[in-house]
Amino acid sequence: MRFAMFISLLRPIGPVIIGVSLGFTLSLLSVSWVEEPCVLDGKAGEEIRLAQDGNSKGARRPNSISTVDAEEDFEPRIVPYKPVQQSQTKQLFRAKYISTELGIREHLFVGILTSKSTINTLGVAVNRTISHHLDTVVFFTGMRNRKVPRGMFVVTHGDERLIWNIFQTIKYILEHYVHEYDWFYLAQDDTYTEADRIKQLVAHLSIDRELYMGSPEEFIGGEMEGRYCYGGFGYLLSRTLLLRLKPFLENCRNDILSARPDEWLGRCIIDYANTNCVDEHEGLHYFHYEMGKNSDPSKVENVQFKNALTVHPVSDPEQMYRLHKHFTEIELQRTYDEIEKLQAEIKNVSKVAFDGNRSAQWPIGINPTFEPKSRFEVLRWDYFTEEQVYSCIDGSPKCELRGIDRLDVADVIEIAMGELNKKYKPVLHLKKQQLINGYRRFDPTRGMEYTLDLQLEVVNQKGRSRSITKRVHLVRPLSRIEIIPMPYVTEATRVHIILPLTFQERGAVNHFLEVFATNLFETSENAILTLLFIYDPFEAQQVNQNDIFTDVKVQINAYERKYPAVKILWISVKTETPSQIKFMDIISKKHPVDTLFFITNVNTNVNSEFLNRCRMNSINNWQVFFPIHFQDYNPDIAFHNQEPPPTLDLVKDAGHFDRNSFEEACFYNSDYMVTRTRMASDVQENEEIVETLDIYDMFVKYSILHVFRAVEPALHQKYRYQACNPQLSEDIYHRCVQSNLDGLGSRSQLAMLLFEQEQGNST
């Protein structure tokens with residue numbers, strides 16, 4: 001009872017008691033305790049008192065407090081800000097080609113040792129027989145003529161001493177090519193090299209071997225052990241061997257005395273690389289053949305000759321070409337034999353396939369026929385006979401089979417007859433009577449396909465004959481695509497645009513300049529416009545009183561004021577018979593030899609896109625460019641009884657590419673001057689050539705440059721009727737007349753116009 005009463009009395013004040021107890025406990029936990037040392041004298045005591053007086057958050061240990069002299073005058077010290085200099089990250093070099101970044105090298109470098117007296121004969125012959133088979137061919141000579149043969153990379157050492165030349169050749173290779181190629185082949189210009197066999201040999205050799213391979217020979221006198229490679233048959237040097245020889249090359253030049261360059265190189269390699277010449281390595285042989293004087297390659301039956309990689313000596317370029325022809329025929333026959341072997345293996349394998357022989361494609365080894373995915377992709381068969389073709393470029397239903405098409409049909413028929421006789425001889429002999437039907441189509445996956453229905457006369461062994469009809473199928477397969485190396489060109493070249501202008505054409509100048517300013521002046525194109533004002537003698541006499549080109553010159557001044565950075569040049573010419581060559585003779589003298597010209601017409605719309613192609617397709621000392629512009633049809637015919645649209649697209653109903661026009665041309669001044677010089681002798685005999693020929697005919701007839709002709713969609717020309725000059729050559733006059741006729745309209749448009757006229761006349 002008493003305990004219960006006690007509990008009942010404490011219950012109201014229980015929370016108060018618990019709260020006071022809890023608060024007392026927490027206060028004890030928050031108190032900071034200081035341990036005082038036994039002795040409080042001296043500096044230690046002052047430190048403790050300072051700490052006790054100044055520390056509101058509790059005392060610290062004496063050894064953790066820094067002492068301060070209260071009597072010192074403190075001055076703040078400003079520490080200047082120095083930004084943290086970040087280390088510049090090394091810029092990562094990205095190679096232009098994947099092979100460069102991965103360290104992939106080419107297989108074979110070829111160096112030909114020639115001389116001043118033979119570079120234009122044997123050197124040229126070597127270049128023509130191997131350069132199209134090998135990637136890099138460099139000719140090394142002591143001295144050379146002023147005129148270097150075209151298409152050859154020649155390095156001149158400046159001294160005709162043979163030892164000096166071979167030393168400089170090895171040094172040049174080490175400085176320029178040793179890190180780009182795995183193998184280095186050196187030969188003389190009187191050595192014929194079977195390029196494909198050399199390439200095949202190095203393709204099977206290990207690149208990490210110190211290999212010196214050729215025709216081993218003993219040193220003269222026999223005082224030195226080892227063998228060197230005879231230079232007449234050429235020799236192979238590995239990249240690893242050349243790198244090992246590099247530090248000692250100067251020692252070889254100073255220490256080794258020899259009369260022959262191949263012996264000198266052999267001594268150097270043996271002394272400092274401890275490597276002898278070998279003609280066999282890992283089962284691969286370096287075959288060579290010594291050619292007799294005035295020998296006929298077609299009559300040599302030696303097995304060693306047929307397997308030779310090199311042949312020496314070659315006496316003259318004609319023998320070099322005969323050797324090349326002979327070895328090319330050997331390689332071609334080996335290729336045919338290998339093809340027949342592969343075809344037989346494919347036939348044998350096809351027999352065990354699920355579909356049997358039907359699973360093999362015809363011809364064997366050629367890609368299967370293109371399979372169209374829609375009716376719009378179906379390939380069209382063109383019908384032809386021996387005289388006519390029923391699919392023409394101009395859209396007409398039938399036209400004469402001529403030119404390359406006629407040669408193609410004749411060649412296909414001849415091949416078909418040859419294959420038929422090969423198949424049925426000696427039992428039957430077949431003779432062509434006529435081609436009944438012919439069909440052909442171009443399959444982009446396999447080549448040109450032909451189907452021929454031939455009427456043949458069959459003659460058996462007893463002399464009996466009869467006429468039969470035989471259908472044959474042929475395929476002219478696509479050959480391997482070859483990349484032709486071209487000289488380097490750039491789009492930064494300035495183009496000098498030449499615009500000849502006659503009295504009849506002055507009305508179109510305003511539109512030409514307006515389009516020219518929009519496309520080129522406003523975009524700051526790297527081009528200069530020059531107008532060529534053409535006066536006849538009477539107009540030239542009246543130029544001070546009545547200049548027929550006054551309005552044009554006023555427009556030029558207006559555009560120069562509108563575009564201060566632009567300068568439009570103009571030249572006045574007086575002539576009775578306007579001629580492109582006459583004009584260019586004047587302009588050529590006023591410009592440097594490296595000037596790029598573009599001759600245009602007042603009706604042509606010039607833009608930056610075309611000028612870039614003009615720069616890329618015109619290659620100095622290599623190629624001239626004659627673009628084929630797109631010309632609009634006569635709007636009265638193309639849009640008969642309709643309103644012509646403000647802008648015309650490049651579609652077949654609006655215009656055509658005028659293949660008969662040769663007015664536009666891109667070429668370098670140096671190329672024009674060289675060609676014009678070659679024309680000078682004919683001009684002396686007949687001065688009218690300058691007036692009857694145009695620049696295109698001049699380049700074709702007198703130049704050795706490539707004349708490149710291609711359609712140019714960026715070169716657009718309005719319809720115009722051009723006055724044809726009968727004083728020009730017959731071909732030029734005919735092209736002009738044909739251009740006017742083709743520019744009227746398409747055949748369907750002209751036919752529709754004639755149909756409407758006949759309908760109107762009948763009513």
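Residues numbered from 1 in each chain as written. Predicted model: local features only at pLDDT ≥ 70, side-chain atom pairs only at ≥ 80, totals over all residues. Heavy atoms only, no water.

The protein has the name Hexosyltransferase in an unreviewed UniProt entry, where Salmo salar is given as its organism. Its UniProt record gives the protein a comment under Subcellular location (unreviewed entry), which states: "Golgi apparatus, Golgi stack membrane". If you open the UniProt record of the protein and go to Sequence similarities (unreviewed entry), you find "Belongs to the chondroitin N-acetylgalactosaminyltransferase family." (UniProt positions renumbered as here; feature names shortened; annotations may be inferred.)

Draft legend 1. Representation of the environment of V389 in the model. Within the fold, V389 resides in strand β15 (residues 388-389). With a relative accessible area of 6%, V389 lands in the buried category. Each residue touching V389, except ones within four places of it in the same chain, is listed here: Y383, F384, P397, K398, C399, E400, L401 and R440. (Helix = DSSP H or I, 4+ residues; strand = E, 2+ residues; numbered from the N terminus. Buried < 20%, exposed > 50% of the residue type's maximum accessible area, 1.4 Å probe, protein only. Contact = heavy atoms within 4.5 Å.)

Draft legend 2. Examining the packing of aromatic side chains more closely. Applying the stated criterion across every chain yields a total of 34 aromatic pairs. Where W164 meets F167, the ring centres are 5.9 Å apart and the plane angle is 45°; that geometry is what we call tilted. With W164 and F167 both in helix α6 (residues 162-176) and three residues apart, the pair spans about one turn of that helix. According to the relative accessible area criterion, F167 is buried, its value standing at 1%. Seen in terms of ring centroids, F630 and F657 are 5.2 Å apart; in terms of plane orientation they differ by 75°. Their pairing is edge-to-face. Of this pair, F630 sits in strand β25 (residues 623-632) while F657 sits in strand β26 (residues 655-657), placing them 27 residues apart in sequence. On the accessibility criterion, F657 (24% relative accessible area) is partly exposed. In this structure, R440 is placed above the aromatic ring of F384, and the distance from its NZ or CZ to the ring centre is 5.7 Å. Over the aromatic face of F662 sits the side chain of R709, whose NZ or CZ is 3.9 Å from the ring centroid. (Phe/Tyr/Trp six-rings, centres within 6.5 Å; stacked < 30°, edge-to-face > 60°. Lys NZ or Arg CZ within 6 Å of the ring centre and 35° of its normal.)

Draft legend 3. Spatial organisation of the pattern of salt bridges. Counted under the stated rule, the structure contains 31 salt bridges. A salt bridge links R197 to E331; the shortest N-O distance between them is 2.8 Å. Pair noted here: R197 is in helix α7 (residues 195-203) and E331 is in helix α12 (residues 317-350), with a separation of 134 residues, a long-range link. Exposure remark for R197: the relative accessible area of 8% places this residue in the buried category. K306 is the salt-bridge partner of E301, the closest N and O atoms lying 3.6 Å from each other. Among the residues examined, E301 registers a relative accessible area of 58% and is labelled exposed. Linked by salt bridges that have partners in common, D405, D408, D411, R440 and R476 make up one network. (Salt bridge = Lys/Arg side-chain N within 4 Å of Asp/Glu carboxyl O.)

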